[in-house]
Amino acid sequence: MIVLNKSNFIRLLFLILIEIISAQEKYYESKYDYYDVDSLIQNPRLLQKYLDCFLEQGPCTPVGRVFRQRLPEIVVTACKKCSPSQRRLARKSFNAFRQNFPESYQQLMTKLDPKNKYYEAFEKAINDA
């Protein structure tokens, strides 16, 4: 039997609070929510530069570097922490990669999900956006 004195009660309350905070679903930072993805997908040269960055075959812009760092987690978690606008950005970008650069797109899929365990769920998540 646990005695719930004031000290134990405060500890229990603190643990519950930590659990609640860590259980809350958080989005990635909203800094890039309004990135002009339409300009990107309409510019094949720029699109290729982002693909090269993601594949570590070319230099990255500061924005590309941030995206490249987040992409593995985004694919594995099926964009769980993505806001609706971030899902739309991912959908438009990945569709453009697939349509314009199918070989590089395949390389990116293999790089992000070598065992092909997560990519289908990721695509479903971004296509539902």
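For the structure, see preceding data.
## Regarding the pattern of salt bridges
Taken as a whole and assessed by the stated rule, the structure comprises six salt bridges. Linking E29 and R70 is a salt bridge whose minimum nitrogen-to-oxygen distance equals 3.2 Å. Here E29, found in the loop between helix 1 (6-23) and helix 2 (37-41), pairs with R70, found in helix 4 (residues 62-76); they are 41 residues apart in sequence, far enough to count as distant. You can call R70 partly exposed: its relative accessible area is 25%. Note that K124 and D128 form a salt bridge whose closest N and O atoms lie 3.0 Å from each other. No difference in accessibility class separates K124 from D128, as the two residues are exposed.

## Here's the deal with the packing of aromatic side chains
Across all of its chains, the model carries nine aromatic pairs by this definition. When the ring of Y35 is compared with that of F67, the centres are 5.9 Å apart and the planes differ by 85 degrees; the resulting orientation is edge-to-face. Taken together, the residues span a long stretch of sequence, with Y35 in the loop between helix 1 and helix 2 and F67 in helix 4 at a distance of 32 residues. Classification of Y35 by relative accessible area gives partly exposed; the value is 23%. Feature note: the residues Y35, Y50, F54, F67, F94, F97, Y105, Y119 and F122 constitute an aromatic cluster, connected by ring pairs.

Definitions and cut-offs
- Residues numbered from 1 in each chain as written.
- Predicted model: local features only at pLDDT ≥ 70, side-chain atom pairs only at ≥ 80, totals over all residues.
- Heavy atoms only, no water.
- Salt bridge = Lys/Arg side-chain N within 4 Å of Asp/Glu carboxyl O.
- Helix = DSSP H or I, 4+ residues; strand = E, 2+ residues; numbered from the N terminus.
- Buried < 20%, exposed > 50% of the residue type's maximum accessible area, 1.4 Å probe, protein only.
- Phe/Tyr/Trp six-rings, centres within 6.5 Å; stacked < 30°, edge-to-face > 60°.

The quantities given are spatial measurements derived from coordinates; they are silent on function.
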